[in-house]
Amino acid sequence: MDINAFAPPIHFNIIWLDEVTSTNEVAKQMLLDKQASHGTMIIANYQTNGRGQLDNAWESESENNILCSFILEPAFLNLTHQTWFNMAMCLTVRDALAFYTKDVAIKWPNDIYINDKKVAGILIENTIQGSTIKNIVVGIGININQQKFSTQKATSLFNQTSNWYNRNDVLQQLINHITVRYKQLWLKQFDKINSDYHQVLYGINQILPFKTDTETFSGMIKRVNANGHLVVDKNGTEQEFMVKQISLV
Ligand code: BTN
């Protein structure tokens, strides 16, 4: 029996809108209204209230970038699998961009970097029912053709490669890679996802400056553990940090 034959395909239903508040908000509202389900993908040319992690705003010029939200209903996963799901989604975006350029890395927890600058971000929002995940909205913002940013830390595929990209082509890459990674999740190939993630994890095994609420220190990223926490070697002792507890300086 070929177990792969039973991996559930994602039938994408792409809804391309001109202007929305936030594609994640549209996706969540459509779920509430029962107008969307597994495979629905909301794309917008512009967001008036684009959101990032930790209550940050996500700003993006009109029509120059990818702003999208996938709805997935992985009934085969439970709450203990959330870290693998997050890693798989980071790998999806990383792999899609790696089709176009080298040195694409995942910066813990959910950022995609090229040459020390952020090119994409991912905002994952789960709806939990008991101990199961009812649905997940995976919001992805990728800077494609935008050339000017309000911060030095941001970049785009254009700025990195001096090429202009058709957003449809990059979307197709995203769809190809989400299909691959979703299948790995379905097959419970968590070791593979974990090892692929660590191969492209930004800063792993390098001495870097970190900042917490109370101090700045030099440390070395050792791994991201099964809880999704960052494990940092600080003066020879491993310490574990949750998302809001630590950042790179
Ligand atoms: C981050 O880096 O903080 C995450 C950014 C996520 C941005 C995307 S753009 C499409 C989707 N809609 C939103 O409002 N946010 C996500």
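These numbers were taken from a predicted model, which means no experiment stands behind them.

J.: Teacher, can you tell me more about helix 2 (residues 82-98) here?
T.: Over its 17 residues, helix 2 runs 24 Å from end to end, which matches the ideal 24 Å to within 8%, given 1.5 Å per residue. Counting buried residues in helix 2 gives 14 out of 17 residues, a clear majority hidden from the surface.

J.: Is there a simple way to think about the pairing of strand 4 (residues 104-107) in this case?
T.: The two faces of the sheet receive side chains in turn, since in a regular strand these alternate between them. Every second residue of strand 4 is oriented toward a common face, with Val-104 and Ile-106 on one face and Ala-105 and Lys-107 on the other, all of them buried. Across four bridges, the pairing between strand 4 and strand 5 (residues 111-114) is antiparallel. Counterpart to Lys-107 in the pairing with strand 5 is Asp-111. Between strand 4 and strand 5, which pair antiparallel in sequence order, lie three residues.

J.: Honestly, the side chain of His-229 in this entry has me stumped. Any pointers?
T.: Inspection of the secondary structure puts His-229 in the loop between strand 9 (216-224) and strand 10 (230-234). Engagement of the side chain of His-229 in a polar contact is seen with the side chain of Glu-240, the distance being 2.7 Å. Ignoring any residue separated from it by four or fewer positions in sequence, one finds His-229 in contact with Trp-108, Arg-223, Val-224, Glu-240, Phe-241 and Met-242.

J.: Just checking my understanding: could you explain the packing of helix 2 against helix 4 (residues 167-186) for this structure?
T.: In a pair of packed helices, the angle between the axes and the distance between the axes together describe the arrangement. At a closest axis distance of 8 Å, the pairing of helix 2 and helix 4 adopts a crossing angle of 150 degrees. Taken together, the axes of helix 2 and helix 4 lie roughly antiparallel to each other. Between helix 2 and helix 4 lies a crossing whose hand is right-handed. Residues Trp-84, Phe-85, Ala-88, Met-89, Leu-91, Thr-92, Val-93, Asp-95 and Ala-96 of helix 2 touch helix 4, and the partners they reach there are Gln-173, Leu-174, His-177, Ile-178, Arg-181 and Leu-185. For the contact of helix 2 with helix 4, the per-class residue count stands at 10 nonpolar, three polar and two charged.

J.: What am I meant to see in the site of the ligand here?
T.: Among the 20 residues in the neighbourhood of the ligand, the closest are listed as Ser-22, Gln-47, Arg-51, Gln-53 and Lys-118. Thr-23 places a side-chain nitrogen or oxygen 3.1 Å from a nitrogen atom of the ligand. In the model, a nitrogen atom of the ligand is placed 2.6 Å from a nitrogen or oxygen of the Arg-51 main chain. For the ligand, whose unbound accessible area comes to 410 Å², protein coverage reaches 98%. Residue assignment for the shell around the ligand shows that the elements contributing at least two residues are helix 1 (23-32), strand 3 (66-72), strand 6 (117-129) and strand 7 (132-142). In terms of residue count, the dominant contributor to the shell around the ligand is strand 6 (four residues). Considered class by class, the residues forming the shell around the ligand number six nonpolar, 11 polar and three charged.

J.: What am I meant to see in the environment of Asn-235 here?
T.: Structurally, Asn-235 can be placed in the loop between strand 10 and strand 11 (237-241). Here the alpha-carbon distance between Asn-235 and Ile-42, two residues 193 residues apart in the chain, equals 46 Å.

J.: What is the right way to read the sheet that holds strand 5 from this model?
T.: Across a sheet, paired strands are connected by hydrogen bonds in the backbone, their directions being either parallel or antiparallel. A sheet is described by the order of its strands in space; here seven strands give the open sequence 1-2-3-7-6-5-4, paired in mixed fashion. Only two strands of the sheet have a single partner each, and these edge strands are strand 1 (13-20) and strand 4. Strand-to-strand twist in this sheet, taken as the mean axis angle between neighbours without regard to direction, amounts to 20 degrees. Where strand 1 meets strand 2 (residues 40-47), seven bridges bridge the pair, whose relative direction is parallel. Each residue of the ladder has a partner; that of Trp-16, found in strand 2, is Ile-43.

J.: Any chance you could explain the sheet that holds strand 12 (residues 247-248) here in plain terms?
T.: If you trace the five strands from one edge of the open sheet to the other, you get 11-10-9-8-12, paired in antiparallel fashion. Because the sheet does not close on itself, it has two edges, and the strands there are strand 11 and strand 12. Across four bridges, the pairing between strand 9 and strand 10 is antiparallel. Bridging across to strand 10, Met-220 finds its partner in Asp-233.

J.: In this structure, what is going on with the pattern of salt bridges? I would like to understand it.
T.: Under the criterion given, the structure shown has 11 salt bridges. With a closest N to O distance of 2.4 Å, Glu-25 and Arg-51 form a salt bridge. Remark: Arg-51 occurs in the loop between strand 2 and strand 3 and Glu-25 occurs in helix 1; sequence separation between them is 26 residues. We classify Glu-25 as partly exposed; its relative accessible area is 28%. Across the pair Arg-223 and Glu-238 runs a salt bridge, and its minimum N-O distance is 2.8 Å. Placement of the pair is Arg-223 in strand 9 and Glu-238 in strand 11, with a sequence separation of 15 residues. Put simply, Arg-94, Asp-95, Arg-181, Lys-192 and Asp-196 are held in one network by salt bridges that share partners.

Reading guide: rules and limits
Along each chain, residues carry numbers from 1 onward, in the same order as the chain's sequence is written. Residue-level local features of this predicted model are given only where pLDDT is at least 70; pairs of side-chain atoms are given and counted only at 80 or more, and the full residue set underlies all totals for whole chains, interfaces and linings. Values reported for side chains reflect all heavy atoms of the structure, with hydrogen atoms and water molecules removed beforehand. Strands are runs of DSSP state E lasting at least two residues, helices are runs of H or I lasting at least four, and both sets are numbered from the N terminus onward. A helix is expected to span 1.5 Å multiplied by its residue count minus one. The rule is simple: take the accessible area with a 1.4 Å probe, protein chains only, and divide by the maximum for that residue type; under 20% is buried, over 50% is exposed, in between is partly exposed. Each pair of strands is called paired provided DSSP finds at least two bridges between the two strands. In protein, a polar contact requires one atom able to donate a hydrogen and another able to accept it; more generally it is a pair of N or O atoms within 3.5 Å, and residues adjacent in sequence count only if both atoms are side-chain atoms. In this description, contact between two residues means that some pair of their heavy atoms is separated by no more than 4.5 Å. The axes used here are C-alpha line fits, helices contributing only the stretch in contact, and every angle between their N-to-C directions lies in the interval 0 to 180 degrees. Between 65 and 115 degrees an angle is taken as roughly perpendicular, under 35 as roughly parallel, over 145 as roughly antiparallel, and anywhere else as oblique. Crossing handedness follows the turn of the near helix against the far one: under a right angle anticlockwise gives a left-handed crossing, and clockwise gives a right-handed one. By the convention adopted, Pro, Cys, Tyr, Trp, Phe, Met, Ile, Leu, Val and Ala count as nonpolar, Lys, Arg, Asp and Glu as charged, and the other residues, Gly among them, as polar. Here a residue counts as near a molecule or strand whenever at least one of its heavy atoms sits within 4 Å of it. Per-residue and other accessible areas were derived by the Shrake-Rupley procedure at a 1.4 Å probe size, with only the shown protein chains allowed to occlude residues. Criterion for a salt bridge: a side-chain nitrogen of Lys or Arg within 4 Å of a carboxyl oxygen of Asp or Glu.

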